[in-house]
Amino acid sequence: MAKSNIDLFYDIGELLQLFEKTMSIDNFLHNVVDLIAAHMKADVCTIYLYNEEEGKLVLTTTIGLPKDYIGKVKLSPGEGITGLCFREGRSILEADGEQNIAFKLIPGLSEERYTAFLAVPIIRSCSTLGVLVLQHKKKGYFTVTDERTLNVIAAQIAVVIENAKLILEITHKTRKPKQVKEFNNILFIKGSEGSNGIAFGRAVIIGKRNDAFLGFPGIKKKVPTLKDFERALGETLIQLEQLQRDMEKEFSEMVSLIFSAHLLMLGDSAFSGKMLDLIRKGKPVQDAIIQVINHYIDLFSKNSNPRFNEKVLDVKDIGHRLLRNLYKKQDEPGDYTDQIIVAQELLPSELVKLSAQKVEGFLLFGGGITAHIAILARSIGIPMVFSDDERIFRIHNGTELILDGFQGTIIMNPSKEVYDHYQILNEEQKKIESKKISGKILTKDGVRVFLYANINLLSDLKIAIKMNAEGIGLYRSEFPYLVRNELPSEEDQYRVYRKLLEEMEGKDVCLRTLDIGGDKMLSYLSPSNEANPFLGLRAIRFSLKNKGIFSTQLRAMLRAGEGFPLKIMFPLIASVDDFLEVKQIVQENIDLLQKAGVACNNKPHLGAMIELPSIVEVARELALHADFFSIGTNDLIQYMLGIDRTNEAVSTMYTHYHPAVFRALNKVVAAAKSESIDLSVCGDIASDSLIIYFLIGIGVRKLSLNPRLLGDIQQHITLLSVEEAEKVARKILSMGTTKDIHQYVQSVFPKALLP
Ligand code: PEP
Ligand code: MG
C-alpha cells in the first residue's frame, strides 16, 4: 500500500484542532506518532523532546519501540543520528542508518531490526524543541518526499509543543497584587499621535508587563458562584476557539494558532483546575481567578527566557475575559468592546490579538509616531496615543476615556459637552476617510497623476480596492515576520504575495523586501544589542547579511509574480554597489527557479528606495541600474536631519519642511527624469495636502499613501495646476528656513481647503 502524505496533512490538521479543545500534551503526541506511523507505514515513529534542565533529548513517545523506555532513554545533543539531527537542526535521511558515522545502538531498544532511518528536527522560532524519528526494516524505504512531508508536519506540531512546554515548565510561587494609587485630579494628558481616530471607552490598565492583575475592583453587584465560574469558563473557551477561526480568515498571512497558548492554559488542570479548587475551598470566585492569574504572571515574568515573558499578556488577557464573562449581562460579549487598553508596551502579536477582541483604542507608554506598532494600529484602523507621562498607569480601571489619535491627547471623565464635541469630530473624519478615488486623477490643467496605496497587511487590501487605489506603491512585507513567532516559510510568503497580485488584477504592485532592524526587531532572532539600531543591521543590510532569509523571500516574490507585472524594491539602499549586489542575488534566484523548472517572473522590475542622503548624491548613477525609484521620506528625513523618528524627545524637530529635504527630493526627481525611470513618493509626506503642490511642481506624478486618504488627496490634486505648482516649487527651493517654508505654503494653499 502506498504512503499517503496528503491524508497525513489533513489528519494532523484535524489533530491540531482537536488538541485546542480537549487533549493533553501526552495524548496529543501519542496520537501524532500513531498517525504518522500509520500513514507512512513506518515500523517505528518516535518523538524525542529536549529537556533544558538535563540538557538531554528524552524519548517522550513512541510507536514501535518498547514503551517502558519512554522517559528513560536520554541522548546528549550530537549523540546518535537523533542527537546529530537535533544539534545541527537539520533532517537526516539514511537508506541504512548504520552507514551514518553517528549511528549508535541503544541497548534494549532492539533498533538493530530497523534499517531505513529518517530524523527530522522539531523547530520553533529558531530553537530546536526535539526530534521526530521514523524507522523501517526495509533499506531505502523513506524518500526525499517523505523527508519534506515530515519537515512540514514537524513545524506544525512545534507550535503546540512549544506552548505546552511553557506551561509544563512553570513552578509554584505566588505574588501579591500591587495596589493602584489614587488618581483623581488629572483630566487631560498630552501625548503624541500613534494612529488616527477617536476612541471612546473605559480604561483597562494592563500597565507594565509584569504588573499584577487586579481584576475589576469595585464590582460588588453580585457574588458569583461555582456554577457562574463554570459557565464563564465554558463561554471563554467557545469565544476563543471562534476568535482563532476568525483570525485565520482575517489575518491569514500572520496568524497561526495565535490563541493556542490561551486555550492550552484554560484546558490545563494546574490553571483552571486550580481556580476551581480554590473556589471549592471557599475562596470568592474573583479572588480565585486573580490569585491563579497572578501566580502565572509571576512565573512567566521571572523566567529569563524572553519567550516566557511574552506570555504574560496572554495570561492577563485570559483573566480579563474570564471576569468579563463572569460579570457580563447575558448578551454582552466577553471581549474588549467599549474598552481602551493602557499599557507600557505591546508586541505586534499582542496588538493583533487585542484588536481581534474589539478593543477601541490603545494608550501606550513612550514610543514614537512611526514605530512599527503604530503602523500596525493604523493598518488595523485602531486609534493609538503614546505618552511618556508615568501618570497614565495611575488611571483607575474603568475610568471613562476619550483617546484622540489625531492630536495625541487623552481625556479622562469627559463632560457631556466634550463627549459630544468629539463625537462630531469623529463623524467628520469618517466622512473624509470614506471618500473614494473617482475617475482618472487629473490636475486642473489636465495632467495625469496616479495615486497608489501603501499596504501593511492583507486586510488593508480590501480598503485599497474599495477606495479604487490605482496600484500598490508599497507593500511592507515585514508584518508577517513581525507578528509571528518564527520566520514565515517560502510557501507562506508566496501565498501572501500571490493574493496581493491576484486581487489587484494586473495593476502595479510593488513588493518591498524585508525592512527589519531599527525599531522593528524580530523577537525570535537573537537580539543584536546594537547601540544605534537605526544605523545598524537594518533593512537591506540585514538581508545581505542573511542571504538565506533574503533568497527565500525573493523566490516567494518571483514565484508569486508569475503572469503578473512584478515590481520589487529594496529598502535603505546606501550605494550603487548595494544595488548591484542585490540585482545579482535576484538573478541567481531566478536562475535557480528556472533550473528547477519552477514557474516565476523572470523579468521583475527592480527599484531602490531612496531613504539615505548618500544615495541622493549618487541618484543619477543609480538611475542607470534601477528600473524605478521610490522615495521613502519617513527615513530620508530621519537620516538627513539626524533625528531618530521614534524618539519622543526630538519628535518636534522631525519635520519635512526643512529646506534640505525639499532640495534632496528635487535632486532625486531630476535624476529619475534624466534616465527616464519611474518614480513615486511613498513616505508620509505624500499624504500632506500642503506639500502636494511642491511634489507635483518638481515633477512627481505618482504618490503612494494610506488608502483611507486617497479620495481626499485626489480632491486636492484636482484643484491645482501644474504651472502654479511649478512656481510654488521654485519658490520653496529658493528658501533657507523651515519657518519661511511653513508660512509660504500656508499662504498659497486654497483657503477653502486649509486643514
Ligand atoms: C519611508 O521610510 O518613508 C517608508 C515608506 O518606509 P517605512 O516607513 O516602512 O520605513
Ligand atoms: Mg523606510
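Residues numbered from 1 in each chain as written. Chains lettered and ligands numbered in written order. Predicted model: local features only at pLDDT ≥ 70, side-chain atom pairs only at ≥ 80, totals over all residues. Heavy atoms only, no water.

Undergrad: For this particular structure, what's the right way to read the overall build of the chain?
TA: Looking only at helices and strands, one finds 27 helices and 22 strands in the chain. Seen through its C-alpha atoms, the chain measures out along the principal axes to roughly 90 × 70 × 45 Å. Considering the chain as a whole, with its 755 residues, one finds that 58% of them fall into the buried category. For the chain, contacts bridging at least 24 residues in sequence account for 69% of all contacts bridging at least 6. Summing over all exposed atoms, the chain offers an accessible surface of approximately 31,500 Å²; the carbon and sulfur share of this is 52%. Positive and negative side-chain charges of the chain, numbering 91 and 94 respectively, have mean locations separated by a distance of 2 Å. (Helix = DSSP H or I, 4+ residues; strand = E, 2+ residues; numbered from the N terminus. Buried < 20%, exposed > 50% of the residue type's maximum accessible area, 1.4 Å probe, protein only. Contact = heavy atoms within 4.5 Å. Areas by Shrake-Rupley, 256 points an atom, 1.4 Å probe, with all protein chains shown as cover. Lys, Arg positive; Asp, Glu negative; His and termini not counted. Charge placed at Lys NZ, Arg CZ, Asp CG, Glu CD.)

Undergrad: Help me out: how do you make sense of the coordination of the magnesium ion (ligand 2) in this one?
TA: Octahedral metals with six donors have ideal donor angles of 90 or 180 degrees. Tetrahedral metals with four donors have an ideal donor angle of 109.5 degrees. Bound to the magnesium ion (ligand 2) are the protein donor atoms Glu611 (OE) and Asp635 (OD), situated 2.0 Å from the metal. Of the two residues, Glu611 is situated in the loop between β19 (605-610) and α20 (613-617) and Asp635 in helix α22 (residues 633-641); the sequence distance between them amounts to 24 residues. A single burial state applies to Glu611 and to Asp635, both of which are buried. (Donors = N, O, S within 2.8 Å, 3.2 Å for Na, K, Ca; no water.)

Undergrad: Looking at this structure, I do not really get the pattern of salt bridges. What am I missing?
TA: Here the idea is simple: oppositely charged side chains can pair when their charged atoms come close. According to the stated counting rule, one finds 32 salt bridges in the structure shown. Between Lys547 and Glu581 there is a salt bridge, and its shortest N-O distance comes to 3.6 Å. One end of the pair, Lys547, is in helix α18 (residues 547-560); the other, Glu581, is in helix α19 (residues 576-595), with 34 residues separating them in the sequence. Each member of the salt-bridge network shares a partner with another, and the members are Glu478, Arg512, Asp515, Arg538, Asp635 and Arg645. (Salt bridge = Lys/Arg side-chain N within 4 Å of Asp/Glu carboxyl O.)

Undergrad: How should I be thinking about the site of ligand 1 in this particular structure?
TA: Around ligand 1 sit 15 residues, and of these Arg476, Arg512, Gly632, Asn634 and Arg645 come closest. In the model, an oxygen atom of ligand 1 is placed 3.1 Å from a nitrogen or oxygen of the Thr633 main chain. Contact with the protein chains covers 100% of the free accessible surface of ligand 1, which is 290 Å². For the shell around ligand 1, the elements supplying multiple residues, two or more each, are β16 (471-476) and α22. Take the shell around ligand 1: its biggest share by element is three residues, from α22. (Near = heavy atom within 4 Å. Polar contact = N/O pair within 3.5 Å; in protein donor to acceptor, adjacent residues only side chain to side chain.)

Undergrad: What exactly am I supposed to notice about the packing of aromatic side chains here?
TA: Any two aromatic rings considered together are summarised by their centre-to-centre distance and by the angle between their planes. Within this structure, the stated rule accounts for 11 aromatic pairs. Centre to centre, the rings of Phe365 and Phe393 are 5.5 Å apart; their planes meet at 40°, and the pair counts as tilted. Here Phe365, found in strand β11 (residues 361-365), pairs with Phe393, found in the loop between β12 (384-387) and β13 (400-404); they are 28 residues apart in sequence, far enough to count as distant. Take Phe365: its relative accessible area is 22%, and that puts it in the partly exposed class. By relative accessible area, which is 11% here, Phe393 ends up buried. Geometrically, the ring pair formed by Tyr657 and Phe662 is edge-to-face, given 6.3 Å between the ring centres and 80° between the ring planes. For Tyr657, a relative accessible area of 5% puts it in the buried group. Relative accessible area serves as the criterion here: at 0%, Phe662 is assigned to the buried category. (Phe/Tyr/Trp six-rings, centres within 6.5 Å; stacked < 30°, edge-to-face > 60°.)

Undergrad: Mind showing me how you'd approach helix α26 (residues 722-733) here?
TA: Between its terminal C-alpha atoms α26 stretches 16 Å, which fits the 16 Å expected from 12 residues at 1.5 Å a residue. Three or more residues of α26 are buried, namely Val722, Ala725, Val728, Ala729 and Ile732. Here the buried residues of α26 occupy an arc of 115° about the axis, which is enough to place them on one side. Residues of α26 that are exposed and point more than 90 degrees away from the buried face comprise Glu723, Lys727 and Arg730. Those residues of α26 that are buried are in contact with α23 (659-674), α24 (692-697) and α27 (738-748). (Expected span 1.5 Å × (residues − 1). Arc of directions from axis to C-beta.)

Structural measurements only, silent on function.
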